[in-house]
Amino acid sequence: NVVAAVEQLRNVLADIRRGPQEEELQLVEYLDAHDIKRVWVMTKADKLSRAELARRLAELESEIDEPMIAVSGETGAGVDAVERWMTKALRGARA
């Protein structure tokens, strides 16, 4: 059931410049408690240079030890990666 699968997926959004804050971390605890798959979507990627973006993403991934996708609402960068993640996760949920 696609609806049930979609209900078990979430994007956790956080500003890449500041990283996850308490409310995002609380959301992750809730998702973990309810066995809901997630991906970190790090917004405002366009606010950093390429080098800063790569460095910051590496820092955050090592801190949180979870995959992250950097996106920009301004340029649309990364949106396709989020869509691919969701499609792949849905396929896995239906298998």
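Note that the structure is a prediction, hence the values are computed from the model and not measured.

Moving on, we get to the side chain of R38. The residue R38 is located in strand β2 (residues 37-43) in this model. In this structure R38 comes out as buried when scored by relative accessible area, which is 15%. Among the polar contacts made by the side chain of R38, one reaches the side chain of D32 at a distance of 2.6 Å. Only 2.7 Å separates the side chain of R38 from the side chain of E66, close enough to count as a polar contact. Ignoring sequence-local partners within four residues, the contact set of R38 consists of R10, V12, V28, L31, D32, E66 and W85.

Residues with a pLDDT of 70 or more make up 89% of the protein chain, whose mean pLDDT is 88. The element-level mean pLDDT for the protein chain is lowest in helix α1 (residues 2-7), coming to 58, with strand β3 (residues 68-70) highest at 95.

Taken together, the seven bridges between strand β1 (residues 9-15) and β2 define a ladder with parallel strand orientation. Paired with D15 across the bridge in β2 is T43. Tracing the backbone out of β1, into helix α2 (residues 22-33) and back to the parallel element β2 gives a crossover that is right-handed.

Cut-off values and rules
Residues numbered from 1 in each chain as written. Predicted model: local features only at pLDDT ≥ 70, side-chain atom pairs only at ≥ 80, totals over all residues. Heavy atoms only, no water. Helix = DSSP H or I, 4+ residues; strand = E, 2+ residues; numbered from the N terminus. Buried < 20%, exposed > 50% of the residue type's maximum accessible area, 1.4 Å probe, protein only. Polar contact = N/O pair within 3.5 Å; in protein donor to acceptor, adjacent residues only side chain to side chain. Contact = heavy atoms within 4.5 Å. pLDDT = per-residue confidence, 0-100. Pairing = 2+ DSSP bridges. Right-handed = clockwise from strand over helix to strand, strands pointing away.

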